[in-house]
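# Examination of the molecular architecture
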Amino acid sequence: MASSDVVLGHSTFDALRLGRSAQMIVGRLLRFWDSKNIKKQGEFMGITLLFLDEKNSVIHGFIPAGRAPFYRPSLRAGSVVRVSRFEVARCTNMYKITDHPFVIRFIPQTTIAEVIENAPVINVEKFMLRSFDPLQALANTNLELP
């Protein structure tokens, strides 16, 4: 992971556009974990990431299995990072883990670098309250709880 001292021209998550482009985001890497396919004996699918921006929006990202070894050394939970040259896609309901409609997909051109100085002010965590009724409606279904 290269470090970056200057943050210029980044987009907030709400300003992202669908497709591959030269978009750049700056966000706090809240968490990341290995995603596995339980229907295929736990086959490794990639790394799922959660990012938080200065507007307190959360978006998730995904690094496919083939690119995971390249990016894994650059991932540090809690760090503020600049991610550029990625693909923005609609998030399917089956894999939706945030309220944001999009997912950031890492492609071979994607770069990630920790922002050491001049980083925007970004919260360390985001805590969301959910009302009881929507959770109760999910309780007796085969859907995962949010």
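Throughout what follows, the structure given in this document is the object of discussion. These figures come from a predicted structure and were not determined experimentally.

Reading guide: rules and limits
Residues numbered from 1 in each chain as written. Predicted model: local features only at pLDDT ≥ 70, side-chain atom pairs only at ≥ 80, totals over all residues. Heavy atoms only, no water. Phe/Tyr/Trp six-rings, centres within 6.5 Å; stacked < 30°, edge-to-face > 60°. Buried < 20%, exposed > 50% of the residue type's maximum accessible area, 1.4 Å probe, protein only. Helix = DSSP H or I, 4+ residues; strand = E, 2+ residues; numbered from the N terminus. Lys NZ or Arg CZ within 6 Å of the ring centre and 35° of its normal.

### Quick look at the packing of aromatic side chains
- In the structure shown here, the tally under the stated rule is two aromatic pairs.
- Between Phe70 and Tyr71, the ring centres sit 4.9 Å apart and the planes meet at 85°, which makes this aromatic pair edge-to-face.
- The exposed category is assigned to Phe70, whose relative accessible area is 53%.
- With a relative accessible area of 1%, Tyr71 lands in the buried category.
- Ring geometry for Tyr71 and Phe106: centres 5.0 Å apart, planes at 85°, overall edge-to-face. Taken together, the positions of Tyr71 in helix H1 (residues 68–71) and Phe106 in the loop between strand E8 (102–105) and strand E9 (111–115) put the pair 35 residues apart, joining distant regions of the chain.
- One aromatic cluster is present, formed by Phe70, Tyr71 and Phe106 through successive ring pairs.
- The ring of Phe70 carries Arg67 above its face, with NZ or CZ at 4.9 Å from the centroid.

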